[in-house]
Amino acid sequence: MRPEIFSKMDFSHSSLFGYIEDLQELTIIERPVRRSLKTPEEIERLTVDEELSDIERAVYLLSSGQDIQGTSVVANLPVLMRQNPAETLRRVLPKIREVLHVAGVEMQLTAAVSFLTVLQEESVSIHTYSHSFLHIILQNLEHRDAGVSNAWLETLLAVIEALPKETVRHEILNPLVAKAQLSQTLQSRLASCKIMGKVANKFEAHIIKREVLPLVKSLCQDVEYEVRTCMCRQLEHVARGIGTELTKTVVLPELVELARDEGSSVRLAAFETLVNLLDMFDTDDRSQTVLPLVKSFCEKSFKADESILVSLSFHLGKLCNGLYGIFTPEQHLRFLEFYKKLSTLGLQQENGHNDNQLHLQTLEQEKKYISVRKNCAYNFPAMIVFVDPKNFHLELYSIFFCLCHDPEVSVRYTMAISFFEVLDALVGHLPEILELMTNGGENNGSENKNVLPVQKAAARTLCVYLRYNRKQEQRHEVIQKLIEQLGQGKSYWNRLRFLDTCEFIMELFSKSFFCKYFFLPVLELTHDPVANVRMKLCCLLPKVKSTLKIPTDKHLLQQLELCIRKLLCQEKDKDVLTIVKRTVLELDRMEISVDAEQLEKEKQKNEGRSTNINEKMFEKKRRDSKTSSVLAKSLNLSISGSSSGTSADDSFRTHSAGNSGNAAVPSSSRNLFNSADQKNNGNKESQSRKMSIWYIIERVEWDKVKVSAFDM
Amino acid sequence: MRISDIISTVEFNHTGELLATGDKGGRVVIFQREPESKNEPYNQGEYNVYSTFQSHEPEFDYLKSLEIEEKINKIKWLPQQNAAHSLLSTNDAFGPRCFFHTLRMKQIMGYNKSQMWLYSRDIVDIKPANMEDLTEVITASEFHPHHCNLFVYSSSKGSLRLCDMRASALCDKHSKLYEEPEDPSNRSFFSEIISSVSDVKFSHSGRYMLTRDYLTVKVWDLNMETKPVETYQVHDYLRSKLCSLYENDCIFDKFECAWNGSDSVIMTGAYNNFFRMFDRNTKRDVTLEASRESSKPRAILKPRRVCVGGKRRKDDISVDSLDFTKKILHTAWHPTENIIAIAATNNLYIFQDKVNSEMH
C-alpha cells in the first residue's frame, strides 16, 4: 500500500513554508489513511470467541489455530503458568507436547525458551516441573535440527542445576550411561559431554566413580577430536565436582594424555583446563607434571604452533601466579622473559633484525599479534604480583612503558582499563607512584615527549582513586602531596602537571571539593617564575571560575579577580600577556553560578540592612578601578567581569521573590533573560550576550505538509 | 485538525543542518537549513523542507490481535559516515511482544561502527491480567554521549538507573541508582504520578543528566546519586489543580526536555503553547509562547507570565484561563547555535536567538 504520490516536486527550494498565504495557493491532496491492513475475512479467521478463558483459548489455538497463533501460546506459557498452574498443566501442556511432535523450528525454539522461563520463575515446584516438563525436554533433545537440539540442551543444563540428585540420576544419568556409546550421533555425544560437566558435582564420590567417570573417560578417548575437545573443556567442572583426590588419580592423567593429543584444539583445551585447575593440584603434581607440560607447551608455541599464542598469552598471568613458588629462580626469570617477549610481539624492534619477515607478516598474523599484546596488557596487574610490587620499577617498568605506548589503540585501552588493578597491586607503594609521576620527566629527559601521556594518565588514575577512597586520612595525605610535590614542586614540569591534575579534579569531583582544596593553590601559580606555567594557568582560569558559586565563594571570587589584576599589571612576557588579555575577555563573558538556597539564607540573615554584600563588593571594586591607573583600559575589562556578580544580585531579588511561593511569577518588572535593563552596566557587549530575545524564523502548519514520492 | 497531523517528535542532526520531525500519521519530514545568502541577509538560518516520506504504516500484530499505530515515537540521526544522511525512526511496533511483571527495555541497534541506539517505551497499551504485577515501567532511555558502554533509563517511579554494559550484556542490574528521597510533607494521591520521569537527556559534556517530571526539570550530576544538583519549577501553579488534570488525563502528558549547545540553558514545554527556559548559571527563567497570533515570521517573542492569586498585571494570564489542550511536548535545540524547534500540536515553530543571528 503506497501513499498517493504528489505531482509537484520542486518545493524544497521555494519558500513554501515561510508564509501561510503561499501555502494556501497549493493544491493539497490528502493522504488517505487506511486504518487496517487486514481484510475483514482475514480478521474473521484470526478472531477468537471473546468469551473463552485464557486456558480455553490456549487449548483452542493449539488444536485448531494457525501456526503463528500456536507459537504465541507457547511463548505465553510462563504467564499461563503463573496465573493458573493447575489448569495449564492439566490441559495446555499435554497439547503442547502433542503439537511439538510436528512443530516447526520456530515453535521448538520458542518452547525451549518458555520452558526455561517457567523453571526460572519457579511458578511450580521442582518436583512438579520434573514430572511434567522434563520428559518433553528430553524427548526433544534429539531433534534433527542442531539449533533446536542445542536450545533444548541449554534448557536441560539449567534444569539439571535445580533438580534433586535422585531425579538427575534416574531420568538423565542412567539413560545417558546406557546410550553414550559410539553408536550415538556426534551431536548427542557432544551433548553428553556437557551434561557430564553439569552432573559431576551432584553426586557422592562412589556414584561418580562407578557411573560418571567411566563415561567421562570414554568420551575423553572418543574417536572424534570434537568430542575430545568438548569433554576436555568440561573436565574443569568434573574436577571441581569430584574433589582433589579423584582429580589427582583420574582427571590429571587424562589431561596429560589429552595435552599430547594429535589434534591441536584438543591440546589447547587441555592446556587451558590445566591452567584453570592449577589450584586443585598439589605441589608435587604441579612441579613434576604440570610445569614440564606447560614449559614444553610454551616453547613449542614459538617454534611450531603459533596458533596457540593468543590463548597462551591470555592465560599467562594465571599460570605464573598458579605456579608461583615452585619455579626455580631461573624458571621464574624465563617466564618473565617469555611474557616480555609476548608483550612486544610483532612490533618493529622485535623483528628489526629481519626486514623480510616484517613485510611478510600477513594481516591475519598482525591481528593475532595484536591480540597477544592485548592479552599481555590484560595480564599486567597479575605480572606485578608475580614479580613482587617492590621490583616493579626494575623488572616491569620498561614493559609497562611499551604497553602504554603500543601503536595499537586496543592494547593501550586495555592497559588503561587495568590501571585500577595496577594501582591496587601497587597501593602499598603509593608514594613511589607519586614519585614516578613527579620524577618521570626529570629521569627521562630525552623521552619527555613520551612520558607526558603516561603521567597524565597516572594523574587521572590517582584522582579516580582519590574519589573512591573514603579514608579521610589517606585522602588528605594525597591532596597534601599533590599540592606540595606537584603544585609547589621545584620543577616547572611538576607544576604544569599540577594544573593537569586540577583539570581532572574538576572533571571528577564536585565544584565545592575543588574550591575547598585546590582553588587557592592553583591561584598561587600566578606568581610562578616560569612563563609556561602562567600561560597554562591563564588557559585554565575560565574552568576554575566556573566552579564558583555566589554568594558562598565570594571571597574566592575576590581572590581570582585580584590574581587577574596582578597578571594584567605585572606580566612582562609578551605571549603570556596576550593570553591574559584574551582570558580576561572570556572571564568577563562568563556568568557565575548563583546558589539560590544560600542566597535566600543570607538574605534572611541580612534582613534590615540597607545594602547587601554584593552591592558593597561592587562598590568597592568600582573604587578600586578608579584608584588604579596602570593599564586602566584592560582593568576596565576585568572590572566588567564583576558585572556578572551584580546581575546575579539582581536576579537574586527576582528569584527570591519567586521562591516565596510562585517561582514562575517574578515580582520584578524586569523581563527574565531579557536584560534590556541598563541600570547596572553600560557595557553594551556584556549586555547583549546575556540577552536572549527569540524570534520566529519559520512556522509550518502540519496539515499543509505533503507526503512526497521520496523513497528511502 | 486531524489526529494524524499531530507532531510527535523533533530532532536535529549532529551538525544542526538538518531537522527531522515525525507525526502521528507515520510521516517523517526533514528540513534543511538554507545556506547564508549575502543578498538577503534575512534569509540565513531558515529551514526548508528537504524531504518527506511515509516512514510507518499502520500494521497488524498477529500475536496480540492488535492494530499498531503508525505514530512516530522517536527519531535518531545516525552519525554521518559519508555523503548520505541516515536516521532511525520507530513506532510502537518495535518489540511487539508484551511483557509485564518487571521493567522492560527495548533496544535498537544501529549497525553503524559500534553506534548503538537505545529505545524504550512504557507498556501501557497492554494490560496484564493482574495489574498488581505492573509496578514500574521504563519511560525513557539514552546512551552516554562519550562512553558507548553507558546508558541511563528512567522509570515511572521517578528514579534513574545508569547501566554499564561492560559489567554484563544483559542489563537487568544497574550500576548506579539516582533517586531523590520523597518529601513526606508533599505526599499526596498524585505523588507517584507526577514524579514519573517523562524524559531523560545527557548533557553534551556527558557530566550531567536532565530529567523532566510533571512539574519540574532536574539536573543530576553523574557523580551524585542522592539528589539532583538543580531543580527548576516548570509550572508549580498546577500543584493545586492536579485533581482536574487527572480528570482530563493531562497529568499523564509526557513532556520532553532539552539542553542548549553549551549545557548552560535547559528548555522544556508546558501548557497553553508555553515553553520554558532556565539559565543554570544565573538561575533566571523565562516563559515564551509559540502561538499563531504572536508569531508572524520575524516577530519577536515577548516573555509571558502566568499569575496566581490576586495581583494581576497587564498581559498576565491567569491559571484558570490556560488552555490545556495546547501543549508543547516536543522540543529540540540546535547542537551548537541558539536555534530551537518547537512542536505545538500540528504546527512546527523554529525560533532563533536575536543575538545569535546578529553575531553572524
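Calculation notes
Residues numbered from 1 in each chain as written. Chains lettered and ligands numbered in written order. Predicted model: local features only at pLDDT ≥ 70, side-chain atom pairs only at ≥ 80, totals over all residues. Heavy atoms only, no water. Helix = DSSP H or I, 4+ residues; strand = E, 2+ residues; numbered from the N terminus. Buried < 20%, exposed > 50% of the residue type's maximum accessible area, 1.4 Å probe, protein only. Contact = heavy atoms within 4.5 Å. Areas by Shrake-Rupley, 256 points an atom, 1.4 Å probe, with all protein chains shown as cover. Phe/Tyr/Trp six-rings, centres within 6.5 Å; stacked < 30°, edge-to-face > 60°. Pairing = 2+ DSSP bridges. Core = buried A, V, L, I, M, F, W, Y, C linked by side-chain atoms within 4.5 Å. Arc of directions from axis to C-beta. Axes fitted to C-alpha atoms, helices over the stretch in contact; angles between N-to-C directions. pLDDT = per-residue confidence, 0-100. Expected span 1.5 Å × (residues − 1). Parallel < 35°, antiparallel > 145°, perpendicular 65-115°, else oblique. Nonpolar A, V, L, I, M, F, W, Y, C, P; charged D, E, K, R; others polar. Left-handed = near helix turned anticlockwise from the far one by under 90°.

Trainee: Describe in detail the overall build of chain B, supporting the description with residues and values.
Mentor: Scanning chain B from terminus to terminus reveals 3 helices and 27 strands. Per-residue burial over chain B gives 57% buried out of 360 residues. Long-range contacts, defined as pairs at least 24 residues apart, comprise 48% of the intrachain contacts of chain B with a sequence gap of at least 6. For chain B, the computed accessible surface area is about 15900 Å², with 52% contributed by carbon and sulfur atoms.

Trainee: Lay out the packing of aromatic side chains with the relevant residues and their values.
Mentor: All names here are of chain A. Under the definition given, this model contains 32 aromatic pairs over all chains. Taking the centre distance of 4.6 Å and the plane angle of 10 degrees together, the rings of Tyr 129 and Phe 133 count as stacked. Among the residues examined, Tyr 129 registers a relative accessible area of 1% and is labelled buried. Seen from their ring centres, Phe 513 and Tyr 517 are 4.9 Å apart, and the 50 degrees between their planes marks the pair as tilted. Here Phe 513 and its partner Tyr 517 are both found in helix α30 (residues 511-517), 4 residues apart, which amounts to about one turn of the helix. Relative accessible area serves as the criterion here: at 18%, Tyr 517 is assigned to the buried category. Each residue in the set Phe 498, Phe 509, Phe 513, Phe 514, Tyr 517, Phe 518 and Phe 519 is aromatic and connected to the rest through ring pairs, giving one cluster.

Trainee: Please set out the pairing of strand β27 (residues 347-353) of chain B residue by residue, giving values where relevant.
Mentor: Most of β27(B) sits out of view: 7 of its 7 residues are buried. Side chains Asn347(B), Tyr349(B), Phe351(B) and Asp353(B) of β27(B) all project onto a buried face; the interleaved residues Leu348(B), Ile350(B) and Gln352(B) project onto the opposite face, where all are buried too. Summarising the sheet, strand β3 (residues 694-701) of chain A and β27(B) pair through 7 bridges and their orientation is antiparallel. Along β27(B), the bridge assignment pairs Val700(A) with Leu348(B).

Trainee: Account for the environment of Gln120(A), naming residues and giving values.
Mentor: Residue and element names in this part refer to chain A. Within the secondary structure, Gln 120 sits in helix α7 (residues 105-121). On the basis of relative accessible area, Gln 120 is assigned to the exposed category, the value being 55%. Residues Gln 120 and Pro 78, 42 residues apart in the sequence, show an inter-C-alpha distance of 9.7 Å.

Trainee: Can you tell me about the nonpolar core, naming the residues and giving the values?
Mentor: Residues and elements named next belong to chain A. In terms of nonpolar packing, the biggest core is built from 131 residues, with Ile 195, Phe 380 and Leu 396 touching the most fellow members. For this core, the element with the most residues is helix α14 (residues 225-259), which contributes 16 residues. Not counting residues up to four positions away in its chain, the partners in contact with Leu 396 are Leu 336, Tyr 339, Phe 380, Met 383, Ile 384, Val 387 and Asn 391. Within the second largest apolar cluster, 53 residues are counted, among which are Leu 423, Ile 505, Phe 513 and Leu 540.

Trainee: Kindly report on helix α3 (residues 54-64) of chain A, identifying the contributing residues and their values.
Mentor: Residue and element names in this part refer to chain A. Along α3, the positions that sit buried rather than exposed are Ile 55, Ala 58, Val 59, Leu 61 and Leu 62. Around the axis of α3, the buried residues are gathered within 165 degrees of arc, so they sit on the same side. On the buried face of α3, the contacting elements are α4 (67-75), α5 (77-83) and α6 (85-102).

Trainee: Can you tell me about the sheet that holds strand β25 (residues 330-333) of chain B, naming the residues and giving the values?
Mentor: Spatially, β3(A)-β27(B)-β26(B)-β25(B) is the arrangement adopted by the 4 strands of the open sheet, whose pairing is antiparallel. A strand with exactly one partner marks an edge of an open sheet, and here the two such strands are β3 of chain A together with β25 of chain B. Taken over all neighbouring pairs, the strand axes of this sheet differ in orientation by 20 degrees on average, direction set aside. Relative to strand β26 (residues 339-344) of chain B, β25(B) is paired through 4 bridges, and the arrangement is antiparallel. Bridge assignment links Ala332(B) to a residue of β26(B), and that residue is Ala341(B).

Trainee: Residue-level account of unusual backbone geometry, with values.
Mentor: Residues and elements named next belong to chain A. Residue Pro 551 is bonded to the preceding Ile 550 through a cis peptide linkage, with omega at 5 degrees. When you line up the elements, Pro 551 lands in the loop between β1 (549-550) and α33 (554-570). Phi is positive for Glu 122, close to 50 degrees, though the residue is something other than glycine. Here Glu 122 is to be found in the loop between α7 and α8 (126-132).

Trainee: So, the pairing of strand β4 (residues 47-54) of chain B: which residues are in play, and what are the values?
Mentor: All names here are of chain B. Among the 8 residues of β4, 7 are classified as buried, and the element is accordingly described as predominantly covered. Sheet topology places strand β3 (residues 27-33) next to β4; 7 bridges connect them, and they run antiparallel. Following the sheet pairing, Ile 30 is matched in β4 by Ser 51.

Trainee: Got a sec to walk through the confidence of the model for chain B? Specific residues and values, please.
Mentor: All names here are of chain B. On average, chain B scores 80 in pLDDT, and the residues at 70 or more come to 80%. Element-level mean pLDDT values for chain B span from 30 in strand β9 (residues 106-112) up to 97 in strand β19 (residues 257-259). Between residues 94-128, whose pLDDT stays under 50, and residues either more than four places distant or in other chains, the model counts 89 contacts. Interface predicted TM-score (ipTM) for the complex: 0.77; the corresponding pTM is 0.52.

Trainee: Could you give an account of helix α28 (residues 472-487) of chain A, with specific residues and numbers?
Mentor: Residues and elements named next belong to chain A. Its 16 residues place the ends of α28 21 Å apart at the C-alpha level, agreeing with the 22 Å of an ideal helix rising 1.5 Å per residue. Every buried residue of α28 is accounted for by Arg 475, Val 478, Ile 479, Leu 482, Ile 483, Leu 486 and Gly 487. Along the axis of α28, the buried residues cluster in a sector spanning 130 degrees; they form a single face.

Trainee: Give a description of the packing of α28(A) against helix α29 (residues 492-508) of chain A that names residues and reports values.
Mentor: All names here are of chain A. Their axes nearest at 8 Å, the elements α28 and α29 cross at an angle of 140 degrees. Judged on the interaxial angle alone, α29 and α28 are oblique. Residue-level inspection shows Leu 482, Ile 483, Gln 485, Leu 486 and Gly 487 of α28 in contact with α29, the latter providing Asn 494, Arg 495, Arg 497, Phe 498 and Thr 501. Here the contact of α28 with α29 is built from residues that sort into 4 nonpolar, 4 polar and 2 charged.

Trainee: Tell me about the packing of α3(A) against α6(A), residues and numbers included.
Mentor: Residues and elements named next belong to chain A. Closest axis-to-axis distance for the α3/α6 pair is 10 Å, and the angle between their directions is 10 degrees. Here α3 is positioned roughly parallel relative to α6, judged by the angle of their axes. Considering how the two elements wind past one another, α3 and α6 form a crossing that is left-handed. Of the residues in α6, those in contact with Ile 55, Glu 56, Ala 58, Val 59, Leu 62 and Ser 63 of α3 are Glu 87, Thr 88, Arg 91, Val 92, Lys 95, Ile 96 and Val 99. In the contact of α3 with α6, the residues fall into 7 nonpolar, 2 polar and 4 charged.

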